[in-house]
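So the chains spell out like this:
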Amino acid sequence: MDWEGRAILITGGSRGIGLATAGRFLGAGASVMISGRSAAALAAAEAELSCPDRLRTVAADVSTVAGCRVAATAAQEAFGRLDVLFTNAGNYEAAPVAEVTEEMWDRTIDTHLKGTFFCAQASELALRATRGCVVTMASDAGLLGLRGGWAAYCAAMGGVVNLTRQLAVDLAPDVRVNALAPGPVGTQHLYDDLASASYGGFEETGDAVAAVTQTLPMRRIIEPDEIARAVLFLAGMESMTGSVLSVDGGTTIALP
């Protein structure tokens, strides 16, 4: 697909997968709005991407309805159109069932599930006008259970998977909606959690990175740019809607 002249909104775009995806779309000629909660992180992303003519940023907390509307409105006002919404903003926290708090549960569900829906709602009319698409960020955790206390995250991701299918029905035929379901992705967030033994299921391992890698049939952690390339694939694949694309190193075909 020719991305020149098209407009993209990426939530959680200041780092990791979102930042890599912004770089890919900018490299293909699109205009990109990235949203995030931290003004400092957005400024750093803007400097790294270095594309002042086609990149814009907006501070917005998409775990709230108001924040979803701020992000969607900013993109539409900046570019006069919207072709792709990538609902990438997310967080994850692991804890044993007895230790999951209401605040932890709400943070996870609100950011992933509530944020995905209300960003899509706020973008619907603009996406219908361009016959655009939504790419949602799901996870292998939406397709199977994980060891190590991931109840809230698995619930949120399972919700995103089926929400994606329902949105594909509700927004057809004008807007396509597809999900990405990665396995462990080598973002700084992941490596920081592995180093601090806060990644559920791997707290007792001496080398958590090696331990996680050994759970993957392909024996390597996915790179953020690989997910970014998958986002562009789904955004440009005009025959697909309601699909869930696993880019997971094989976690959903064979867990140890």
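The paragraphs below set out a description of the structure included in this document. None of the values given here were measured: they were computed from a predicted structure.

Cut-off values and rules
- Residues numbered from 1 in each chain as written.
- Predicted model: local features only at pLDDT ≥ 70, side-chain atom pairs only at ≥ 80, totals over all residues.
- Heavy atoms only, no water.
- Helix = DSSP H or I, 4+ residues; strand = E, 2+ residues; numbered from the N terminus.
- Contact = heavy atoms within 4.5 Å.
- Phe/Tyr/Trp six-rings, centres within 6.5 Å; stacked < 30°, edge-to-face > 60°.
- Buried < 20%, exposed > 50% of the residue type's maximum accessible area, 1.4 Å probe, protein only.
- Disulfide = S-S within 2.5 Å.
- Axes fitted to C-alpha atoms, helices over the stretch in contact; angles between N-to-C directions.
- Left-handed = near helix turned anticlockwise from the far one by under 90°.
- Parallel < 35°, antiparallel > 145°, perpendicular 65-115°, else oblique.
- Nonpolar A, V, L, I, M, F, W, Y, C, P; charged D, E, K, R; others polar.

Section: the environment of Ala-59
- Take Ala-59: it is sitting in strand β3 (residues 55-59).
- Distance from Ala-59 to Ala-40, taken between C-alpha atoms, is 9.7 Å for residues 19 residues apart in sequence.
- Excluding residues within four positions of it along the chain, Ala-59 makes contact with Gly-36, Leu-42 and Val-70.

Remarks on the packing of aromatic side chains
- Applying the stated criterion across every chain yields a total of five aromatic pairs.
- Here Trp-3 and Phe-25 contribute two aromatic rings whose centre-to-centre distance is 5.1 Å and whose plane-to-plane angle is 85°, an arrangement assigned as edge-to-face. Highlighted residues: Trp-3 in the segment before β1 (7-11) and Phe-25 in helix α1 (residues 16-27), separated in sequence by 22 residues.
- The exposure class assigned to Trp-3 is buried, which follows from its relative accessible area of 6%.
- Taking the centre distance of 6.1 Å and the plane angle of 65° together, the rings of Tyr-92 and Tyr-153 count as edge-to-face. With a gap of 61 residues between them, Tyr-92 in the loop between β4 (84-87) and α4 (102-130) and Tyr-153 in helix α5 (residues 151-171) connect regions that are remote in the sequence.

Looking at the state of the cysteines
- Using the criterion set out here, one finds zero disulfides in the structure.
- Residue Cys-68 stays outside any disulfide, its sulfur separated by 3.5 Å from that of Cys-119, the closest cysteine.
- Residue Cys-119 is classed as buried on the basis of its relative accessible area, which comes to 1%.

What about the packing of α1 against helix α2 (residues 39-49)?
- Here α1 crosses α2 at 35°, and the two axes come no closer than 11 Å. Crossing hand, α1 versus α2: right-handed. Here Leu-19, Ala-22, Gly-23 and Leu-26 of α1 lie close against α2, whose contacting residues are Ala-45, Glu-48 and Leu-49.

Some details on the packing of α1 against helix α8 (residues 224-236)
- At a closest axis distance of 8 Å, the pairing of α1 and α8 adopts a crossing angle of 55°. With respect to their mutual orientation, α1 and α8 come out oblique. Crossing angle aside, the handedness with which α1 passes α8 is right-handed. Packed against α1, whose contacting residues are Gly-16, Ile-17, Ala-20, Thr-21, Arg-24 and Phe-25, the element α8 presents Pro-224, Asp-225, Ile-227, Ala-228, Arg-229, Val-231, Leu-232 and Ala-235 at the interface.
- Looking at the contact of α1 with α8 residue by residue, the classes come out as nine nonpolar, two polar and three charged.

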